[in-house]
Amino acid sequence: MLEAVVFVLTVAVVGGLLFLGGSVLLGRGETQPPADPDRSPLELPEDRPVTADDVRGVRMSVTVRGYRMTEVDWLVEQLAQALEERDAEVAALRARLDEAGRTAPGADDAPAGGNGARSDA
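Residues numbered from 1 in each chain as written. Predicted model: local features only at pLDDT ≥ 70, side-chain atom pairs only at ≥ 80, totals over all residues. Heavy atoms only, no water.

Student: Please explain the overall build of the chain as it appears in this structure.
Tutor: Scanning the chain for helices and strands turns up three helices and two strands. Classification of the 121 residues of the chain by burial places 10% in the buried group. Of the contacts formed within the chain by residues at least 6 apart in sequence, a portion of 58% connects residues at least 24 apart. Put simply, the chain shows about 10500 Å² of open surface, and 59% of that area lies on carbon and sulfur atoms. (Helix = DSSP H or I, 4+ residues; strand = E, 2+ residues; numbered from the N terminus. Buried < 20%, exposed > 50% of the residue type's maximum accessible area, 1.4 Å probe, protein only. Contact = heavy atoms within 4.5 Å. Areas by Shrake-Rupley, 256 points an atom, 1.4 Å probe, with all protein chains shown as cover.)

Student: Would you explain the pattern of salt bridges in this entry?
Tutor: When charged atoms on two side chains of opposite charge get close, those side chains can pair. Under the defined criterion, the tally for this structure stands at one salt bridge. When the shortest N-O distance is used, the salt bridge between Glu 99 and Arg 102 registers 3.4 Å. You can see Glu 99 and its partner Arg 102 sitting in helix α3 (residues 69–102), three residues apart, about one turn around the helix. You can call Glu 99 partly exposed: its relative accessible area is 40%. (Salt bridge = Lys/Arg side-chain N within 4 Å of Asp/Glu carboxyl O.)

Student: Any chance you could explain a nonpolar patch on the surface here in plain terms?
Tutor: Judged by side-chain polarity, Val 13, Leu 17, Leu 20 and Val 24 come together as a nonpolar surface patch covering roughly 410 Å² of accessible area. Inspection of the secondary structure puts Leu 20 in helix α1 (residues 2–26). Using a relative accessible area of 52% as the deciding quantity, one classes Leu 20 as exposed. (Patch = residues over 30% accessible without salt bridge, like charges linked within 9 Å, V, L, I, M, F, W, Y side chains within 5 Å.)

Student: What should I look at first to understand the nonpolar core in this one?
Tutor: Nonpolar side chains in soluble globular proteins tend to end up buried together. Counting residues in hydrophobic clusters, the biggest one holds six residues: Leu 44, Val 50, Val 58, Trp 74, Leu 75 and Ala 82. Filtering out sequence-adjacent residues up to four positions away, Leu 44 remains in contact with Val 50, Asp 54, Val 58, Trp 74, Leu 75 and Gln 78. (Core = buried A, V, L, I, M, F, W, Y, C linked by side-chain atoms within 4.5 Å.)

Student: Honestly, a negative patch on the surface in this entry has me stumped. Any pointers?
Tutor: Negative charge collects at one region of the surface, where Glu 77, Glu 84, Glu 85 and Asp 87 lie side by side. For Glu 85, the location among the structural elements is in helix α3. (Lys, Arg positive; Asp, Glu negative; His and termini not counted. Charge placed at Lys NZ, Arg CZ, Asp CG, Glu CD.)

Student: Sorry, what's going on with α1 here?
Tutor: If you check α1, its first and last C-alpha atoms are 36 Å apart, about what 25 residues at 1.5 Å a residue would give, namely 36 Å. Little of α1 is tucked away: one of the 25 residues are buried. (Expected span 1.5 Å × (residues − 1).)

Student: How do you make sense of α3 when you look at a structure like this?
Tutor: Because the α-helix completes a turn every 3.6 residues, residues three or four places apart line up on one side. Taking 1.5 Å per residue as the helical rise, α3 with its 34 residues ought to reach 50 Å, and the 49 Å between its terminal C-alpha atoms agrees with that figure. All of the buried residues in α3 are Thr 70, Glu 71, Trp 74, Leu 75 and Ala 82.

Okay, structure coming up:
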């Protein structure tokens, strides 16, 4: 009988220690504060547009549970901003190209016949 009680207590203590160790190593589900862009160890160029090689060259810190969520969030936000800037620039250039095409001399004045004569028949 005494052996059974010791066995149960030993299993309970070992189980409790395993649970405590897992809680410390894996966390308890709390969220991390947002990344401060000025303190992030990740770097993307600020003086020129971000290229694919810049993104491929980024190395994030690895922690017990994977990559640091704050660094990943920061990187995704930076890439989203870069894409928004490029989309806006492409839209502006397309608008300028369309405007230049509409105001080009002779673009709308040329008749469909091609010889300059009007056919009113």
